[in-house]
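Coordinates in review
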Amino acid sequence: MSTIQLISESDCTGCMMCGDICPSKAITYQIKQGFWYPVVDENKCIECGICLKKCPASKDATYIKESPLKCYGVKSKNEDTRYNSTSGGFFSELAQYWYKNGGYCVGAIYDSNNLIVHTLEKSSDGIAKLRQSKYAQSDIHGIYKIVKEKLVKGEKILFCGTSCQVEALYAFLGKEYQNLTTLDFICCGICSPVVYRRYLDELEKKYCSKIKKVWFKNKKFGWRSVGVRMEFENGKTYMRPGTRDAFMACFVKDALSMRECCFSCKYRKTPHHSDFTLADFWGIENVQPEIDDDKGISAVMVNSEKGKILFDLIKGNLDYFETSVGDIAKGNFTVYSAKKPNDFRKEFLNMIEKKGFSMAVRKYSSYSGLNKLKIDMGFYKKIILEKIRGY
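From a predicted model like this one, the values you see are computed outputs, not experimental measurements.

1. As for the sheet that holds strand β5 (residues 116–121)
Taken together, the 8 strands give an open sheet; going across it, the order is β5-β4-β6-β7-β11-β12-β3-β13, and neighbouring strands pair in mixed fashion. Two strands close off the open sheet at either side, each with one partner strand: β5 and β13 (318–322). This sheet shows a mean twist of 25° between the axes of neighbouring strands, independent of strand direction. Alignment of strand β7 (residues 180–185) against strand β11 (residues 276–280), held across 3 bridges, turns out to be parallel. By the bridge assignment for β11, F185 is matched with L278. Here helix α7 (residues 163–173) sits on the sheet in contact with β5, β6 (157–160) and β7, set at roughly 155° to β7.

As structure tokens, this is what we get:
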């Protein structure tokens, strides 16, 4: 049977496009080792093979151009927009322009249970939900159909997702649409939605309240702190820099909670298929130190003529300078290289399922034991020294 299940789990990105394109609705998803994988109902399957034919993982990524058309360092002129964004606020400015000109914006939001889902928005409040990093894989099933329906009707769509999700959208559509603009980002990898949910569960148990707002990359301690802020319904707040948050350590530093395909990601060449590729401009202090204020700078790669036109339309709302892929890559090693897999990744994911987040962290994460004590003491030492300097 020539179906999507011929794609190995090490290649599957969990883009969920196969379920949207299946004409007999034979494909659903189940969690295996913390991630969604497609399952084919043989009683419904008509063996058309379209799921396998369209799957981006079944073919090599294609790159027509050798480099982006333009690269920029960018920050919004609106300081509130910038503060509430992951880096410099470029996406927010682009999305605001898009919806004000009658378009729909598609991207990841937190639902009422703080799970991450892709949705379509057409309001200022909706745009606010789309901004900021969501550090777990989004449930995106169904959105490809919605996007195509809107495009066929002539509606304008700005689609934001991971590189593999953008590739899946193009594969689903089967042709270019002038009323579609796509935006992806330099991706470290995809985090398990199960690990993310177990992490939230333990915080809610500890604080005896449901979380009402999840905010990764909060800038209270500065942009470089990669801060994590959780606001609870009972009024309490959890706030830590990323180095002192177990979830961030497991995902970013330890690569314990990443999807297997991310370690051999085929979408790390430049330019990407998308119209825009975004990143935090890490290393800006070595490129343009005079503008570095630790409040966030976006790195923007303009990959298409469509993107170039759009950048020119919104640049009046931006402070920006021209740069290069090389300068962007200096502080973003994942432009070209994937994280190396952790030898204990499978054991960690199994323990998460059986014994919970904290037990798995204590056994496998770098943020545990004596190393945790060292990191915490370093943080408090820095705080004390800053207060002394203040006096």
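After that view, the rundown keeps rolling.
2. Points about a nonpolar patch on the surface
There is a patch of nonpolar side chains on the surface, built from L370, L373 and M377 and spanning about 360 Å² of accessible area. Tracing the backbone through its elements, the reader meets M377 in helix α14 (residues 369–390). On the accessibility criterion, M377 (54% relative accessible area) is exposed.

3. Some thoughts on unusual backbone geometry
Here the residue pair T270 and P271 is connected by a cis peptide bond, since its omega of 0° sits within 30 degrees of zero. Mapped onto the fold, P271 is located in the loop between α9 (246–253) and β11. Although it is not a glycine, M16 sits at a positive phi angle of roughly 70°. Mapped onto the elements, M16 comes out in the segment before α1 (17–21).

4. Description of the side chain of S92
As for its position among the elements, S92 is in helix α4 (residues 90–100). Discounting chain neighbours no more than four positions away, the residues touching S92 are T81, S85, I127 and R131.

5. Brief notes about the pattern of salt bridges
This model, assessed by the stated rule, comprises 16 salt bridges. A salt bridge links K315 to D312; the shortest N-O distance between them is 3.7 Å. Under the relative-accessibility criterion, D312 is labelled partly exposed at 40%. Put simply, D376 and K372 hold a salt bridge, and the shortest N to O gap is 3.2 Å. Linking D376 with K372, this pair stays in helix α14, spanning 4 residues, or about one helical turn.

6. Details of the pairing of strand β3 (residues 70–76)
With 6 of its 7 residues buried, β3 lies for the most part within the structure. Pairing of β3 with β13, which is carried by 5 bridges, proceeds in the antiparallel orientation. Counterpart to G73 in the pairing with β13 is F321.

7. A look at the sheet that holds strand β8 (residues 211–218)
Judged by pairing direction, the sheet is antiparallel, and its 3 strands sit side by side in the order β8-β9-β10 without closing on themselves. The two strands at the open ends of the sheet, each matched to only one other strand, are β8 and β10 (237–240). For this sheet, the mean angle separating the axes of adjacent strands, direction not counted, is 10°. Taken together, the 4 bridges between strand β9 (residues 227–232) and β10 define a ladder with antiparallel strand orientation. Paired with E231 across the two strands is T237, which belongs to β10.

8. Here we look at the packing of helix α6 (residues 143–152) against α7
Contact geometry for α6 and α7: axes closest at 10 Å, N-to-C directions at 55°. The pairing of α6 with α7 is recorded here as oblique in orientation. For the pair α6 and α7, the crossing hand works out as right-handed. Between α6 and α7, the residues in contact are Y144, K145, V147, K148 and L151 and Q165, A168, L169, F172 and L173, respectively. Here the residues of the contact of α6 with α7 sort into 7 nonpolar, 1 polar and 2 charged.

Rules used in this analysis
- Residues numbered from 1 in each chain as written.
- Predicted model: local features only at pLDDT ≥ 70, side-chain atom pairs only at ≥ 80, totals over all residues.
- Heavy atoms only, no water.
- Pairing = 2+ DSSP bridges.
- Helix = DSSP H or I, 4+ residues; strand = E, 2+ residues; numbered from the N terminus.
- Axes fitted to C-alpha atoms, helices over the stretch in contact; angles between N-to-C directions.
- Contact = heavy atoms within 4.5 Å.
- Patch = residues over 30% accessible without salt bridge, like charges linked within 9 Å, V, L, I, M, F, W, Y side chains within 5 Å.
- Areas by Shrake-Rupley, 256 points an atom, 1.4 Å probe, with all protein chains shown as cover.
- Salt bridge = Lys/Arg side-chain N within 4 Å of Asp/Glu carboxyl O.
- Buried < 20%, exposed > 50% of the residue type's maximum accessible area, 1.4 Å probe, protein only.
- Parallel < 35°, antiparallel > 145°, perpendicular 65-115°, else oblique.
- Left-handed = near helix turned anticlockwise from the far one by under 90°.
- Nonpolar A, V, L, I, M, F, W, Y, C, P; charged D, E, K, R; others polar.

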